[in-house]
Amino acid sequence: APSTKQHGRRASLALTLNFVAFAFALSAVTTSYWCEGTRKVAKPFCTGPPVKVKQWFCIRFNSSNINDTRLVQYIFETGEEKFLLRKFHTGIFFSCEQAVDMNGFDCRDFSEIAPEHERGVLWLCIVAESLYLTLLFTGGALMTLEQCPCFSIMNKLKLSAFAALCTALSGLCGMVAHMMFTTIFQLAVAMGPEDWRPKTWDYSWSYVLAWGSFGTCMGSAVTALNRYTKTIIEFKYKRRNIEKSLMIKQKMMELDFPEQMWDMYLTAVPADAEAPLELPVNGHKPSTGTTYVVEMDNVPEQQGEAYC
C-alpha cells in the first residue's frame, strides 16, 4: 500500500509538471514579449492645429502656416531633443512598436523583419515549437489515461513509458526552437531593416516562460521515467524472490521434506529473501552463535529421512 501511494504521488507530480509546462509554452508562443527594447527615431513633424500643451513626441514649427514662404520657420528642439525612444516588443510571429502618437502599438509580421536569407531558420523555429506543443500535449494525455483505473498494471506501465518518451522528445524540440529564435532575433538586430533595428534590447517575460516551460517539461519526463524504472525494478525483484522460493520448495519436494518444513521456511525467510536456509540438525535448532546452512544439492536421501 505505501508503494502504491508513492507511485500515485509521483504520477500526480509528473502530470502536474506536464500541465504547467504546457501552459507556460502556450503562453510564450502566443505572446510577443520574447524580447523588448527601444528604438531611436527622429521625431515626426506635428500635424493639425496648434495646442496649448507641448507635444513632446513630435516637432512643431513656430508658425502653423507652413505654406507661407514669406515666414521664417524654425524649431526649438536641438540635439537629442530631435529624437524619440520608442518601445518595441517581439515574439515568434509578431513585432510591435509604439505608434507615432505614442498611444498603442503597431504590429507587423516578424517574418518581414528577419533577414531574407535566414528566414528558413525562423520557419524551422516555428515547426519545432509546434512539435514541442504537440508532443507535450500527447505526453500529458497519456499521463491522464494512466490515472484511469480501468487499465491493468502492465498497460499503465506502457502508458507511463510512452508518456515519458513523448515528454522528453518535446523538451528537446522546445530547446532547439528557443535557441533558433535567439539566433534569428540576433541576426535581425544585426542585419534587419533600418526602420526596425533597436537601440537597446533584452529578453522579456515570454522568453523566461519558454525556458521555464522547458525546465518543467524535463522535470515531468524525469519523474515519469523514474517511476516507470522503479516499478520495473520492483517487479523484477519480486519475481526473482518468487522464483527462488519456488525453486527451494521444489528441491524440498524432491527430497521428500514434510510440508511443515516448508511452512517453517516461509515464516522465517520473507523478511530477507537473500538469507540461506537454516534447518534443524538432529532434531535441534542451531545455537545462536553457530549457524548451520544446509545446501539442498548436497543433502543425501538418508539425511533427508533423518530430518523428517
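Residues numbered from 1 in each chain as written. Predicted model: local features only at pLDDT ≥ 70, side-chain atom pairs only at ≥ 80, totals over all residues. Heavy atoms only, no water.

S.K.: What should I look at first to understand the pattern of salt bridges in this one?
M.R.: Two side chains of opposite charge can pair, provided their charged atoms sit close to one another. Under the definition given, this model contains 4 salt bridges. Close ionic contact of Glu97 with Arg39 constitutes a salt bridge, the shortest N to O distance being 2.6 Å. In this pair, Glu97 is assigned in strand β3 (residues 94-98) and Arg39 in strand β1 (residues 35-42), connecting sequence segments 58 residues apart. You'll find Glu97 and Arg39 in the same group, each marked buried. With its nearest N and O atoms 3.7 Å apart, the salt bridge here joins Glu97 to Arg86. Of this pair, Glu97 sits in strand β3 while Arg86 sits in strand β2 (residues 83-90), and the two are 11 residues apart along the sequence. Each member of the pair, Glu97 as well as Arg86, carries the same accessibility label: buried. Look at the salt bridges and you will find they share partners, linking Arg39, Arg86 and Glu97 into a network. (Salt bridge = Lys/Arg side-chain N within 4 Å of Asp/Glu carboxyl O. Helix = DSSP H or I, 4+ residues; strand = E, 2+ residues; numbered from the N terminus. Buried < 20%, exposed > 50% of the residue type's maximum accessible area, 1.4 Å probe, protein only.)

S.K.: Can you help me understand the sheet that holds β3 in this one?
M.R.: Hydrogen bonds along the backbone pair up the strands of a sheet, which may run parallel or antiparallel. A sheet is described by the order of its strands in space; here 5 strands give the open sequence β4-β3-β2-β1-β5, paired in antiparallel fashion. The sheet is open, and its two edges are formed by β4 (105-109) and β5 (200-203), each paired on a single side. The mean inter-strand angle of the sheet, taken between neighbouring strand axes irrespective of direction, is 25°. Of the strand pairs in this sheet, β1 and β2 are connected by 8 bridges, and their pairing is antiparallel. Following the sheet pairing, Glu36 is matched in β2 by His89. Most of the contacts of helix α4 (residues 153-191) go to β5, to which it runs at about 175°, and overall it touches β1, β2 and β5. (Pairing = 2+ DSSP bridges. Axes fitted to C-alpha atoms, helices over the stretch in contact; angles between N-to-C directions. Contact = heavy atoms within 4.5 Å.)

S.K.: Help me understand the state of the cysteines in this model?
M.R.: Disulfide: a covalent bond formed between the sulfur atoms of two cysteine residues. For the structure shown, the criterion picks out 1 disulfide. A disulfide bridge connects Cys96 with Cys107, and the sulfur atoms are separated by 1.9 Å. Taking the sign of the torsion about the S-S bond as the criterion, the disulfide between Cys96 and Cys107, at about 105°, is right-handed. On the criterion of sequence distance, the pair formed by Cys96 in strand β3 and Cys107 in strand β4 is long-range, its members being 11 residues apart. Classification of Cys107 by relative accessible area gives partly exposed; the value is 48%. (Disulfide = S-S within 2.5 Å.)

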